Amino acid sequence: MSKAIITLCLILFPFITYAQEKTYYLGIGSANVMDTYLSPYSYKGFGMSVTREVQYSHTLHTLSLSASSIENKAGNVDAYSGDIRYGIAHQFDIYQADNLTVKAGPMGTMMLGCAYNTRNGNNPANVHSSLMAGASARIDYDLHICGRSFPLQYVIDFPLIGIAYSPNYGQAYYEEFVLGNSDHNIVFAYTGNTPSLRQRLTVAFPAGKHQLCVGYLGQYDQSSYNNLRYHSYSHQFVIGLTM
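Residues numbered from 1 in each chain as written. Predicted model: local features only at pLDDT ≥ 70, side-chain atom pairs only at ≥ 80, totals over all residues. Heavy atoms only, no water.

**Points about the layout of surface pockets**
In this structure, the largest pocket spans a volume of roughly 450 Å³. In this structure, the largest pocket is lined by 23 residues; those nearest its centre are Glu21, Arg138, Asp140, Gln153 and Gln211. At the level of elements, strand 1 (21–35), strand 2 (43–55), strand 6 (100–117), strand 7 (125–145), strand 8 (148–165), strand 10 (197–207) and strand 11 (210–225) are the ones that each hand at least two residues to the lining of the largest pocket. For the lining of the largest pocket, the class distribution of residues is eight nonpolar, eight polar and seven charged. (1 Å grid on protein atoms, 1.4 Å probe; cavity = no way out; pocket = protein on both sides within 12 Å on 5 of 7 lines; lining within 4 Å. Points joined across faces, edges and corners; volume = space filled by probe spheres on them. Helix = DSSP H or I, 4+ residues; strand = E, 2+ residues; numbered from the N terminus. Nonpolar A, V, L, I, M, F, W, Y, C, P; charged D, E, K, R; others polar.)

The following block contains the structure:
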């Protein structure tokens, strides 16, 4: 047991020691969700997210949680949705000048989410999960105003290819998991049936030994599998602290 603990510490030590910066983000804003497995209509409401990013030399680790409370257009049916995501991006230096840096590279993302509709009886919830390979980019610009530095940062990432889970049209979870009647539930995902995007624009201010940043976070998830369509759009005001 002690050997296993020592081995684990040796594996994790470089990542703990050489982390260049850690940033925590809190986002609050609007949410728009449609899941045709549960309802053919879009539900709108309030959404929030919490994100932790750890930047190493050229590698970015991202862990995020998001949740939303939404309702139908008439306001008489409530629904809830949320997900957890973990991503690793390796970014290469593409361009560097005195006050401008551009990085880009591949990114892998795992996602597990769920949507719940309070009105549905037999199938009140639907699970969304995927394992995707994609691309990410980051632009840093050092803006100077009145002799003070205000770093601007723009981050964008999007999936390109991978696999995803989806029930089939009209298929109940009871059929799949209790009766064992699977029906093309693991699907091939690519930009044609999963056109999704995440972007964030922030400006940073000094806050003692740390940096405080504010800006915009946009998350646009879409998919079309097994004759079922899904989208989740969020627009959030985000505040972050870099340590």
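**Brief notes about the pattern of salt bridges**
Under the criterion given, the structure shown has six salt bridges. Across the pair aspartate 83 and arginine 85 runs a salt bridge whose closest N-O atoms are separated by 3.1 Å. Judged by relative accessible area, which is 15%, arginine 85 ranks as buried. For aspartate 221, the salt bridge identified is with arginine 85, shortest N-O distance 2.3 Å. Here aspartate 221 is found in strand 11, whereas its partner arginine 85 is found in strand 4 (residues 78–90), with 136 residues between them in sequence. By relative accessible area, aspartate 221 is classed as buried at 10%. (Salt bridge = Lys/Arg side-chain N within 4 Å of Asp/Glu carboxyl O. Buried < 20%, exposed > 50% of the residue type's maximum accessible area, 1.4 Å probe, protein only.)

**Some remarks on the packing of aromatic side chains**
Taken as a whole and assessed by the stated rule, the structure comprises five aromatic pairs. Between tyrosine 37 and tyrosine 173, the ring centres sit 5.8 Å apart and the planes meet at 85°, which makes this aromatic pair edge-to-face. Of the two residues, tyrosine 37 sits in the loop between strand 1 and strand 2 while tyrosine 173 sits in helix 2 (residues 173–178), which places them 136 residues apart along the sequence. A residue is classified by how much of its surface remains accessible, and tyrosine 37, at 11% relative accessible area, is buried. Judged by centre distance (5.6 Å) and plane angle (75°), the ring pair of phenylalanine 150 and phenylalanine 205 falls under edge-to-face. Taken as a pair, phenylalanine 150 in strand 8 and phenylalanine 205 in strand 10 lie far apart in primary sequence, 55 residues in all. You can call phenylalanine 150 buried: its relative accessible area is 14%. Within the aromatic cluster, the residues linked to one another by ring pairs are Tyr37, Tyr165, Tyr173 and Phe177. Directly above the ring of tyrosine 25 sits arginine 200, whose terminal nitrogen or CZ lies 4.1 Å from the centroid. (Phe/Tyr/Trp six-rings, centres within 6.5 Å; stacked < 30°, edge-to-face > 60°. Lys NZ or Arg CZ within 6 Å of the ring centre and 35° of its normal.)

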